[in-house]
Number of protein chains: 2
Amino acid sequence: MMANRMKRLLIGRPMKSKELEGEKLGRLKALAILSSDALSSVAYGTEQILIALMVAGFAAVWYSIPISIAVLGLLLILILSYRQTIFAYPMGGGAYVVAKNNLGTTTGLLAGGSLLIDYILTVAVSASAGTDAITSAFPSLHDHRVLIATVVILFLTLMNLRGVTESASVLAIPIYLFVVSIFVLIVSGVIRYLTGGAHPDIPELGTAVSNVSLFLLLKAFSSGCSALTGVEAVSNAIPNFKQPAERNAAATLVMMGLILGGMFLGISVLAYWYGITPSHNETVVSQIAASTFGRGFLYYFIQGVTALILFLAANTAYSAFPLLAFMLAKDKYMPHAFMVRGDRLGFSNGILFLAAFSIVLVVLFGGDTENLIPLYAVGVFIPFTLSQLGMMVRWVRLRPKGWGGKLAINTVGMLTTLGITLIFIFTKFSQVWMVFVFLPVVMWLFLRIHRHYVKVADELRIDLAADKPVIKGSTVVVPVAGITRVVSNSIGYAKSLTDNVVAVYVGFDDDSIERMEAKWAEWNPGVRLIVLRSSYRSITRPLLKFIDTVEWKTAETDHITILIPQFVTKHWWQHILHNQTGLLLRTYLFNRKDIVIATVPYHLKH
Amino acid sequence: MMANRMKRLLIGRPMKSKELEGEKLGRLKALAILSSDALSSVAYGTEQILIALMVAGFAAVWYSIPISIAVLGLLLILILSYRQTIFAYPMGGGAYVVAKNNLGTTTGLLAGGSLLIDYILTVAVSASAGTDAITSAFPSLHDHRVLIATVVILFLTLMNLRGVTESASVLAIPIYLFVVSIFVLIVSGVIRYLTGGAHPDIPELGTAVSNVSLFLLLKAFSSGCSALTGVEAVSNAIPNFKQPAERNAAATLVMMGLILGGMFLGISVLAYWYGITPSHNETVVSQIAASTFGRGFLYYFIQGVTALILFLAANTAYSAFPLLAFMLAKDKYMPHAFMVRGDRLGFSNGILFLAAFSIVLVVLFGGDTENLIPLYAVGVFIPFTLSQLGMMVRWVRLRPKGWGGKLAINTVGMLTTLGITLIFIFTKFSQVWMVFVFLPVVMWLFLRIHRHYVKVADELRIDLAADKPVIKGSTVVVPVAGITRVVSNSIGYAKSLTDNVVAVYVGFDDDSIERMEAKWAEWNPGVRLIVLRSSYRSITRPLLKFIDTVEWKTAETDHITILIPQFVTKHWWQHILHNQTGLLLRTYLFNRKDIVIATVPYHLKH
């Protein structure tokens with residue numbers, strides 16, 4: 001009751017299924033709730049490129065400009081590819097559905113599994129990066145990074161248990177603020193550059209740097225690709241859009257691509273102009289903002305909205321993960337529990353699962369983004385590749401009007417994303433190997449769960465014509481500890497069901513056994529009392545043995561039921577004063593015997 | 001099953017009740033298991049006196065000698081008093097039993113409650129002080145004090161869940177080592193002093209110190225009384241002794257007093273001779289040992305056994321707390337759960353309760369002994385006083401041979417301990433007020449629990465002649481989600497009990513409802529199907545409403561039973577794939593309705 005009231009307060013009143021339609025998203029709201037993951041990537045994309053380049057020294061930073069342009073090209077390819085997916089799969093589902101449909105179940109599960117892992121990483125990375133934005137502004141908080149990130153995740157979890165639309169309304173504003181303020185930052189930065197605010201010795205574009213290898217450039221390029229994480233979110237969530245869902249989704253995707261590209265290029269150029277080098281204690285965006293505005297109001301405002309949007313990026317996963325888990329559960333690859341909608345129509349179990357695992361990741365990595373991001377990026381590019389491959393197969397199979405052009409777009413997309421996946425494995429194996437451990441484990445779990453459900457379904461299926469309920473006799477066992485109103489109540493219930501009732505008493509010494517037998521004879525409730533002696537002070541052990549015997553004698557002819565009386569107390573705290581033995585008995589009996597355990601309530605008046 | 005095997009591994013095989021006799025303690029073992037609390041107090045007793053005196057400057061430290069002698073006098077009084085108690089109450093029980101017997105229930109509960117609080121503090125203080133001994137030797141561990149103390153408490157808990165004798169065998173050796181090594185330290189220290197190793201400027205005994213007030217001296221004296229905590233343990237545990245229990249217990253008490261007195265005085269004198277001042281990072285005993293032996297093997301050995309014996313002092317409470325809780329539970333002042341002996345014949349619930357609360361204290365106080373010890377000491381002196389007062393009343397009431405002398409001893413004891421309690425309240429109110437908050441709360445809980453149990457016993461008592469079990473009709477409700485072998489099984493069971501069976505299906509939309517109705521008609525199991533429609537996606541809500549209706553119609557004439565099928569899976573991990581709805585239903589139904597919940601198992605083959 002208490003727990004129930006608490007739940008209402010935190011999560012809100014339950015909603016009818018019909019209210020689900022009202023939860024659907026318009027374009028702008030969808031941009032807010034689905035693109036925060038992609039847009040927020042600009043907070044760390046440029047920084048990842050610079051970290052990789054700095055290995056070759058400050059002179060190499062000019063490479064960040066051509067690399068950023070290459071990343072933009074990749075973004076264009078991805079947007080075009082995913083636009084095609086949206087129209088081909090208006091029911092949504094993204095990489096899992098596309099790969100399963102066109103490449104078979106196993107490949108689909110590979111895509112689905114890596115996406116699930118990836119959503120967990122989205123939450124961990126975004127919460128950690130958002131915390132970085134805060135600690136850049138307030139260095140004294142640096143030591144509390146894990147705590148801050150964890151609290152943020154818990155808060156998001158609560159918001160999402162409340163339901164989709166309400167969160168969207170709350171979350172839309174900071175995203176618009178972020179976009180506006182980053183563009184203000186870029187424009188101001190350009191003006192400052194033009195009025196002579198550049199770093200004095202930045203290496204000119206095209207400067208020869210002796211120790212820059214192709215390996216290093218590929219590594220920097222793949223690092224920059226982390227800026228593209230999150231663009232798939234729109235195509236996964238089409239059923240969440242208002243009608244016409246495909247058109248709205250495609251428009252949202254294009255809007256997102258334009259904004260993302262603009263912001264990413266702007267940040268990269270400013271970082272280059274100001275000659276910014278990555279630091280452990282301050283993010284690149286924080287350095288740019290501090291150089292442009294000084295550490296005044298505008299600086300803190302930008303850090304604030306950057307942190308906020310990164311936290312909201314984590315929120316993207318809260319829409320995507322439970323939906324994908326639902327689809328996998330419907331296909332019997334994940335536990336049925338992920339199909340249950342909560343009181344507020346969200347998939348509560350998916351939300352809680354996501355929260356738990358992402359918190360574990362944040363704690364394990366100590367909130368360190370630098371090592372989480374490559375893991376995250378490789379997890380994204382696997383489903384990217386599989387999804388494109390699936391689309392290619394689809395065009396060849398269905399050959400709709402203009403399929404040649406469509407095939408070409410997806411082929412380019414597939415080859416690029418496959419290339420980047422390989423570059424990741426090649427250049428950053430020490431950071432990304434974990435994905436290749438977890439992915440097979442997840443796949444194996446999917447298949448084990450599926451096999452179990454399929455076998456159980458077979459086992460439970462009955463022939464409506466031939467299999468009818470079988471009626472047997474009934475034996476009821478009533479454990480008693482004395483003669484009280486509760487015992488009288490239980491025996492009354494048992495005798496109402498069958499004449500075959502046995503009361504069992506477990507005694508520790510002769511005295512108590514004799515007394516009980518005499519009292520029982522005096523009471524004479526019309527039920528035989530069987531007395532067991534216990535040398536260990538255990539009640540459960542002799543009782544279990546006795547039930548074994550009963551089962552051995554009568555299981556063929558009778559259903560065996562054991563009655564366990566349970567006090568229902570007036571106040572919750574009184575509960576701990578009773579029912580300990582009943583609880584113990586139930587725990588021991590469950591899983592062991594083929595007997596029915598019936599809990600007979602006794603309502604205490606006091 | 002897994003949990004069971006784990007439990008065996010950690011706790012050992014279950015023991016028969018008869019083995020209880022074998023668990024009884026001889027004198028030497030009793031000294032080891034019961035006196036560690038008292039003896040280990042020398043590790044902080046002298047230090048507490050010095051901390052109080054240092055407020056008046058280094059010149060005041062000479063007062064530690066007369067104060068230590070006064071504490072010794074008090075020790076003598078306590079030993080004599082408690083010796084009388086042992087012979088008067090051979091069944092043991094200490095302050096709770098003595099006070100309850102002679103001063104009435106409420107006073108007995110006051111003694112019992114303060115003892116319970118005190119045992120929790122014993123564990124917290126001893127674990128923290130033992131950790132201090134370790135961190136004095138290894139200053140780098142200073143920051144991990146809370147963690148170390150917690151791990152120690154968890155380890156002791158495990159040992160005690162294994163049973164009394166086995167712990168005694170393991171624990172006896174360090175106590176003997178501690179006693180021997182402290183006496184070696186004292187003798188070596190005296191030799192070093194005689195050979196000219198004293199501190200050059202220690203204030204002579206009797207030096208006038210301007211700012212020493214009576215208040216300060218009383219405070220220092222009461223601080224020193226913390227060295228006497230634990231002497232009551234023997235009289236509480238007489239039933240644990242081998243026969244003749246009283247004689248053995250009394251002898252153990254006197255042995256303990258002699259050893260304690262000798263060690264305490266020795267440490268105090270050495271501390272004075274060496275001119276040692278208390279420090280936050282190093283204990284007084286550590287400073288004495290370092291001055292005597294240098295930081296070599298002997299120093300680390302002494303720190304090691306000091307830490308060990310302090311941890312074993314915590315162990316004293318593990319014998320005493322569960323025994324007292326058992327007595328209070330038998331008298332219906334604490335939950336019955338404290339009367340259940342575990343598989344290894346220890347009172348497992350008492351042990352676990354003690355562990356949990358002491359860990360909370362250690363964490364709350366950050367492992368800081370200086371603030372825990374006064375709390376601890378005042379908690380000891382309240383039952384000391386009440387116990388003496390109870391003995392006085394007893395002598396006056398019974399007037400056995402030589403009662404005058406006995407009365408005199410206990411009167412002196414009562415007045416002294418009462419005086420010290422008042423000094424504590426007077427000089428250290430800011431540190432001890434918590435006891436006076438918790439004590440009334442504990443008393444109130446005792447009385448609430450007692451009232452509840454008495455009322456319930458009244459409510460449950462039946463007239464053997466008049467109250468016989470009442471036989472009624474029976475209605476069985478079977479919630480079904482489809483037509484499967486499980487449903488067939490449940491309906492078979494239900495029809496074996498009664499003809500009054502109703503199947504209930506909760507549908508979310510017209511489609512599924514129509515399909516279910518058609519299938520049911522085709523199957524025709526001879527049971528009526530009732531279909532409920534749910535607008536919220538909840539299964540429990542409409543089901544509860546339906547059961548309300550059934551209850552309203554038939555509660556007078558019928559017992560209502562609801563069958564909940566439960567899958568018993570072959571592997572534990574499969575359990576999470578099933579039974580979610582059943583669990584939900586049981587949680588909702590329990591506490592709400594006057595209906596029997598019967599769990600019908602279905603053993604899955606896969």
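Thresholds, definitions, all that
- Residues numbered from 1 in each chain as written.
- Chains lettered and ligands numbered in written order.
- Predicted model: local features only at pLDDT ≥ 70, side-chain atom pairs only at ≥ 80, totals over all residues.
- Heavy atoms only, no water.
- Helix = DSSP H or I, 4+ residues; strand = E, 2+ residues; numbered from the N terminus.
- Buried < 20%, exposed > 50% of the residue type's maximum accessible area, 1.4 Å probe, protein only.
- Areas by Shrake-Rupley, 256 points an atom, 1.4 Å probe, with all protein chains shown as cover.
- Patch = residues over 30% accessible without salt bridge, like charges linked within 9 Å, V, L, I, M, F, W, Y side chains within 5 Å.
- Salt bridge = Lys/Arg side-chain N within 4 Å of Asp/Glu carboxyl O.
- Lys, Arg positive; Asp, Glu negative; His and termini not counted.
- Charge placed at Lys NZ, Arg CZ, Asp CG, Glu CD.
- Expected span 1.5 Å × (residues − 1).
- Contact = heavy atoms within 4.5 Å.
- Pairing = 2+ DSSP bridges.
- Axes fitted to C-alpha atoms, helices over the stretch in contact; angles between N-to-C directions.
- Parallel < 35°, antiparallel > 145°, perpendicular 65-115°, else oblique.
- Left-handed = near helix turned anticlockwise from the far one by under 90°.
- Nonpolar A, V, L, I, M, F, W, Y, C, P; charged D, E, K, R; others polar.
- Arc of directions from axis to C-beta.
- Phe/Tyr/Trp six-rings, centres within 6.5 Å; stacked < 30°, edge-to-face > 60°.

Caption draft 1: Fine view of the overall build of chain A. When helices and strands are tallied, chain A shows 21 helices and five strands. When the 606 residues of chain A are sorted by exposure, 57% land in the buried category. Just so you have it, chain A exposes about 25,000 Å², and 65% of that area is on carbon and sulfur atoms.

Caption draft 2: Here's a closer look at a negative patch on the surface. All names here are of chain A. There is a patch of like negative charges on the surface, built from D509, D511, E514 and E517. Tracing the sequence through the fold places D509 in the loop between β2 (501-507) and α19 (510-523). You can call D509 partly exposed: its relative accessible area is 36%.

Caption draft 3: The arrangement of helix α16 (residues 403-427) of chain A in detail. All names here are of chain A. Over its 25 residues, α16 extends 35 Å from the first C-alpha to the last, a length consistent with the 36 Å expected when each residue adds 1.5 Å. Taken together, the buried positions of α16 are L407, N410, G413, M414, T417, I420, T421, I423, F424 and T427. Looking at the buried positions of α16, the neighbouring elements they touch are α4 (64-88), α9 (214-224), α15 (369-398) and α17 (429-460).

Caption draft 4: Local environment of the pairing of strand β5 (residues 596-603) of chain B. Among the eight residues that make up β5 of chain B, seven are buried, leaving the element largely enclosed by the rest of the structure. Where strand β5 (residues 596-603) of chain A lies against β5 of chain B, three bridges are found, and the strand directions are antiparallel. Across the sheet, residue I597 of chain A finds its bridge partner in β5 of chain B, namely T599 of chain B. Here strand β4 (residues 558-568) of chain B runs beside β5 of chain B; their pairing, made up of eight bridges, is parallel. Directly across from Q566 of chain B, in β5 of chain B, lies its bridge partner P601 of chain B.

Caption draft 5: Summary view of the packing of helix α13 (residues 297-330) of chain A against helix α14 (residues 348-364) of chain A. Residues and elements named next belong to chain A. Interhelical geometry of α13 versus α14 gives an angle of 120° and a closest axis separation of 8 Å. Relative to α14, the element α13 lies oblique. Considering the relative orientation of α13 and α14, their crossing is right-handed. Residues A317, Y318, F321 and P322 of α13 form the contact with α14, whose participating residues are G350, I351, F353, L354 and A355. Tallied by class, residues from the contact of α13 with α14 come to eight nonpolar, one polar and no charged.

Caption draft 6: Representation of the sheet that holds β5 of chain B within the structure. The ten strands lie next to each other as β3(A)-β2(A)-β1(A)-β4(A)-β5(A)-β5(B)-β4(B)-β1(B)-β2(B)-β3(B), forming an open sheet whose pairing is mixed. Every interior strand has two partners, whereas the edge strands, β3 (528-533) of chain A together with β3 (528-533) of chain B, have only one. Across the sheet, the mean angle from the axis of one strand to that of its neighbour is 30°, orientation sign disregarded. In the packing of helix α19 (residues 485-497) of chain B onto the sheet, the strands contacted are β1 (473-480), β4 (558-568) and β5 of chain A together with β1 (473-480), β2 (501-507), β4 and β5 of chain B, and the crossing angle to β5 of chain B comes to about 135°.

Caption draft 7: Here's a closer look at the side chain of S490 of chain A. Residues and elements named next belong to chain A. Along the chain, S490 falls in helix α18 (residues 485-497). Judged by relative accessible area, which is 1%, S490 ranks as buried. S490 has contacts with V478, L563, P565 and V600, leaving out every residue within four places of it along the chain.

Caption draft 8: Just the pattern of salt bridges, in detail. Residue and element names in this part refer to chain A. This structure, assessed with the given rule, holds twelve salt bridges over all chains. Close ionic contact of K100 with D331 constitutes a salt bridge, the shortest N to O distance being 2.6 Å. Here the residue K100 occupies a position in helix α5 (residues 94-103), and D331 occupies one in the loop between α13 and α14, the gap between them amounting to 231 residues. In this structure K100 comes out as partly exposed when scored by relative accessible area, which is 27%. Under the relative-accessibility criterion, D331 is labelled partly exposed at 24%.

Caption draft 9: Local environment of the environment of S348 of chain B. Structurally, S348 of chain B is set in helix α15 (residues 348-364). With ten residues separating them along the chain, S348 of chain B and F338 of chain B place their C-alpha atoms 7.8 Å apart.

Caption draft 10: Main features of α14 of chain A. All names here are of chain A. Given a rise of 1.5 Å per residue, 17 residues ought to cover 24 Å, and the 25 Å separating the end C-alpha atoms of α14 matches this to within 8%. For α14, the full list of buried residues reads G350, I351, L354, A355, S358, I359, L361 and V362. Down the axis, α14 shows its buried residues gathered within 160° of arc, on one side only. Lining the buried residues of α14 we find α6 (105-137), α7 (145-161) and α13.

Caption draft 11: The arrangement of the environment of L310 of chain A in detail. Residues and elements named next belong to chain A. Of note, L310 is situated in helix α13. Considered as a pair, L310 and S128 are 182 residues apart in the sequence and their alpha carbons are 8.6 Å apart. The contacts of L310, once residues within four sequence positions are left out, are S40, A43, Y44, S126, A129 and G130.

Caption draft 12: Representation of the packing of aromatic side chains within the structure. Taken as a whole and judged by the stated rule, the model has 28 aromatic pairs over all chains. For the ring pair F381 of chain A and F384 of chain A, a centre distance of 5.1 Å and an interplane angle of 75° mean the geometry is edge-to-face. Here F381 of chain A and its partner F384 of chain A are both found in helix α15, three residues apart, which amounts to about one turn of the helix. The exposure class of F381 of chain A is buried, given its relative accessible area of 0%. Aromatic side chains Y193 of chain B and W273 of chain B sit 3.7 Å apart centroid to centroid with 5° between the ring planes, which places their arrangement in the stacked category.

Caption draft 13: Local environment of the pairing of β4 of chain A. All names here are of chain A. Across the eleven residues that make up β4, a large majority, ten, are buried. When β1 meets β4, the two strands line up parallel, connected through five bridges. Opposite G473, over in β4, you have D558 as the bridge partner.

Caption draft 14: Structural view of unusual backbone geometry. Residue and element names in this part refer to chain A. Backbone torsion omega between Q243 and P244 reads -10°, so that peptide bond is classified as cis. Tracing the chain through its elements places P244 in the loop between α10 (233-236) and α11 (245-273). One non-glycine residue, K332, lies in the positive phi region at around 70°. Positive phi outside glycine occurs at R399, with the angle close to 45°. Position of R399 among the secondary structure elements: in the loop between α15 and α16.

Caption draft 15: Representation of the packing of helix α4 (residues 42-54) of chain B against helix α12 (residues 245-273) of chain B. Residue and element names in this part refer to chain B. Two numbers describe how α4 lies on α12: the axes approach to 9 Å, and their chain directions differ by 45°. In terms of orientation, α4 and α12 fall into the oblique class. Of the two elements, α4 crosses α12, and the hand of that crossing is right-handed. Across the interface between the two elements, V42, G45, T46, I49 and L50 from α4 touch L260, M263, F264, I267, S268 and A271 from α12. Residues of the contact of α4 with α12, tallied by class, amount to eight nonpolar, three polar and no charged.

Nothing here speaks to function; it is all geometry.
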